[in-house]
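So the chains spell out like this:
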Amino acid sequence: TSTPTPSQNLTRTNTTKMTIPTLDIYPPLINTPCPAATTLEDLLILWNCPSTGAITTRTSLLSGFPHDDTKNLYVFYDSSSHTVSSSTNPSSPSSATPTTQNATLNSLGYSPLPLQTYLHFIRTIAEYHSPPPPNNNNNGRSIGRSKTIIISVTGSAEDVAQCYLHIARLQSQLLLLSTFLSFGVEVAMEINLSCPNIPHHPPPAYSRDALTRYLDSLAGAIKAAEAEGLPRVPVGLKTPPYTYETQFLGLMKALEVSASGAASASAKKEKEKEKEEEEEQPECPITFLTATNTLGSCLAFTDSNTSTTKEALPTELGTGGLAGAPLHPLALGNVKTLRKLLDEREQKLGHRIQIIGVGGVLDARGYRRMRTAGADVVGLASGLLLKGVKVFEEIEKGVGEGGW
């Protein structure tokens with residue numbers, strides 16, 4: 001289906017008690033949260049790229065993350081020689097400088113900028129920066145003048161609920177603004193529950209109970225937003241790399257519980273009051289999953305000389321999150337497995353949950369592999385850091401006419 005026009009979006013999202021909103025992203029290629037999506041300048045570079053169908057902000061908290069440049073950083077990594085870049089937080093090398101680096105290793109946390117700063121950035125983009133039309137490689141689709149910004153957030157379950165309300169209020173403002181402009185800006189919220197680099201705070205998405213708490217709080221926030229007359233915002237979960245069946249099934253069970261309304265005692269009491277009313281259909285509040293985040297506890301050294309080498313990252317053990325080419329097979333496996341499990345549970349969940357496939361996509365071949373595995377949209381962060389924004393144009397050229 002074609003991307004809806006702003007007027008169509010206005011009609012769809014202003015309806016309360018509606019079906020779960022979907023992501024309609026074209027081209028189905030986006031960035032994912034990383035340092036290259038931190039500032040307004042960063043976001044405008046991504047926004048103005050016609051090869052991105054949507055953009056994603058760096059993950060933020062309500063009050064901002066206590067970022068430390070000496071501790072929270074990244075390096076480029078060559079998975080064939082196991083060497084790292086000579087500097088930290090390197091910029092992407094020029095095309096005239098050949099490189100075999102195909103991965104990143106990081107000890108990053110989240111953005112130092114709070115959520116409200118990103119909401120201000122998005123208002124600025126909506127007011128002053130019309131999105132460029134996608135290139136002609138549209139396979140016959142009619143492309144509307146709208147583009148999505150996925151706002152990545154994290155924090156406690158209660159904090160994330162507050163984030164949803166702030167974002168729903170922003171979407172209401174953007175819908176009003178779109179009636180005066182020739183284009184529309186839509187927002188979605190991604191809940192990042194998978195960063196491996198926060199000491200003493202393991203990724204919540206590895207725990208079924210923690211996932212259930214977040215989904216319960218989200219359900220409450222959605223009801224509160226509807227009571228305010230706010231539009232429904234698509235919400236996704238960013239998951240960590242799962243490596244065995246129990247982890248996948250824990251996520252599925254949490255999603256099923258959220259759909260059944262059994263996530264909270266208050267929901268159960270409400271259902272008891274509505275015994276005589278028509279039974280509601282199951283409705284999981286999640287629109288999409290972003291799979292997968294970096295793989296934690298990975299270690300690299302600065303050089304091969306054992307007398308002078310040291311850990312590449314300044315953490316207690318020198319370990320951090322690995323992304324890029326070495327993560328690619330695991331990411332593909334996660335997307336493939338999640339697609340199968342979600343499809344098997346579509347009736348229980350009440351709708352089809354979309355997947356943004358992420359992990360080691362550096363070129364058109366990686367894009368095709370991720371789509372083949374089952375991704376509806378393909379995202380990349382290491383590729384953006386390693387190659388710059390030109391990576392999106394390279395992928396678009398690589399997939400060819402009608403190749404999306």
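Residues numbered from 1 in each chain as written. Predicted model: local features only at pLDDT ≥ 70, side-chain atom pairs only at ≥ 80, totals over all residues. Heavy atoms only, no water.

Draft legend 1. Structural detail: the environment of Pro282. For Pro282, the position within the fold is in the loop between helix 7 (265-273) and strand 9 (288-291). Residue class for Pro282 comes out partly exposed when judged on its relative accessible area of 30%. Beyond its immediate chain neighbours, meaning those up to four positions away, Pro282 contacts Ala259, Gln347, Lys348, Leu349 and Gly350. (Helix = DSSP H or I, 4+ residues; strand = E, 2+ residues; numbered from the N terminus. Buried < 20%, exposed > 50% of the residue type's maximum accessible area, 1.4 Å probe, protein only. Contact = heavy atoms within 4.5 Å.)

Draft legend 2. Structural view of the packing of aromatic side chains. One pass over the structure, following the stated rule, counts six aromatic pairs. Judged by centre distance (5.6 Å) and plane angle (85°), the rings of Tyr118 and Phe121 are edge-to-face. Of this pair, Tyr118 and Phe121 both sit in helix 3 (residues 115-128), separated by three residues, roughly a single helical turn. Exposure remark for Tyr118: the relative accessible area of 0% places this residue in the buried category. Aromatic ring contacts, followed pair by pair, group Tyr206, Tyr242 and Phe248 into a single cluster. One residue, Lys147, lies across the ring of Trp47, its end atom 5.5 Å from the ring centre. (Phe/Tyr/Trp six-rings, centres within 6.5 Å; stacked < 30°, edge-to-face > 60°. Lys NZ or Arg CZ within 6 Å of the ring centre and 35° of its normal.)

Draft legend 3. Examining the nonpolar core more closely. Counting residues in each nonpolar core, the largest one holds 89 residues, and the members touching the most others are Ile151, Tyr164, Met189, Leu237, Leu255 and Ile286. Top contributing element to this core by residue count: helix 4 (residues 157-178), with 10 residues. Counting 11 residues, the second largest nonpolar core, distinct from the first, contains Leu105, Ala300, Ala312 and Leu322. (Core = buried A, V, L, I, M, F, W, Y, C linked by side-chain atoms within 4.5 Å.)

Draft legend 4. Molecular detail of the sheet that holds strand 11 (residues 319-324). Pairing is antiparallel in the open sheet, where five strands are placed in the order 4-3-5-11-10. Strands at the two margins of the open sheet, each flanked by one partner only, are strand 4 (83-84) and strand 10 (295-299). (Pairing = 2+ DSSP bridges.)

Draft legend 5. Spatial organisation of the pairing of strand 5 (residues 103-106). Covered by surrounding structure in strand 5 are Ala103 and Leu105 together with Thr104 and Asn106, the residues of both alternating faces. The pairing of strand 3 (residues 74-78) with strand 5 spans four bridges and is antiparallel. In the sheet register, Val75 faces strand 5, and the bridge partner there is Leu105. Two elements, strand 5 and strand 11, share four bridges in a ladder whose sense is antiparallel. Pairing of Thr104 across the sheet is with Ala323, part of strand 11.

Draft legend 6. Broad picture of the side chain of Thr32. Structurally, Thr32 is set in the loop between strand 1 (29-31) and helix 2 (40-47). The exposure class of Thr32 is buried, given its relative accessible area of 2%. There is a polar contact of 3.5 Å between the side chain of Thr32 and the backbone nitrogen of Ala381. The contact partners of Thr32, leaving out residues within four places of it in the chain, are Thr56, Lys238, Val358, Gly379, Leu380 and Ala381. (Polar contact = N/O pair within 3.5 Å; in protein donor to acceptor, adjacent residues only side chain to side chain.)

Draft legend 7. Region of interest: helix 12 (residues 390-399). Among the residues of helix 12, Val391, Phe392, Ile395, Glu396 and Val399 are the ones counted as buried. The arc that holds the buried residues of helix 12, viewed along the axis, is 140°, so those residues lie on one side. Contacts made by the buried residues of helix 12 are with strand 1, helix 2, helix 10 (364-373), strand 13 (377-380) and helix 11 (382-387). Just past helix 12, the residue Gly400 takes up positive phi, approximately 80°. (Arc of directions from axis to C-beta.)

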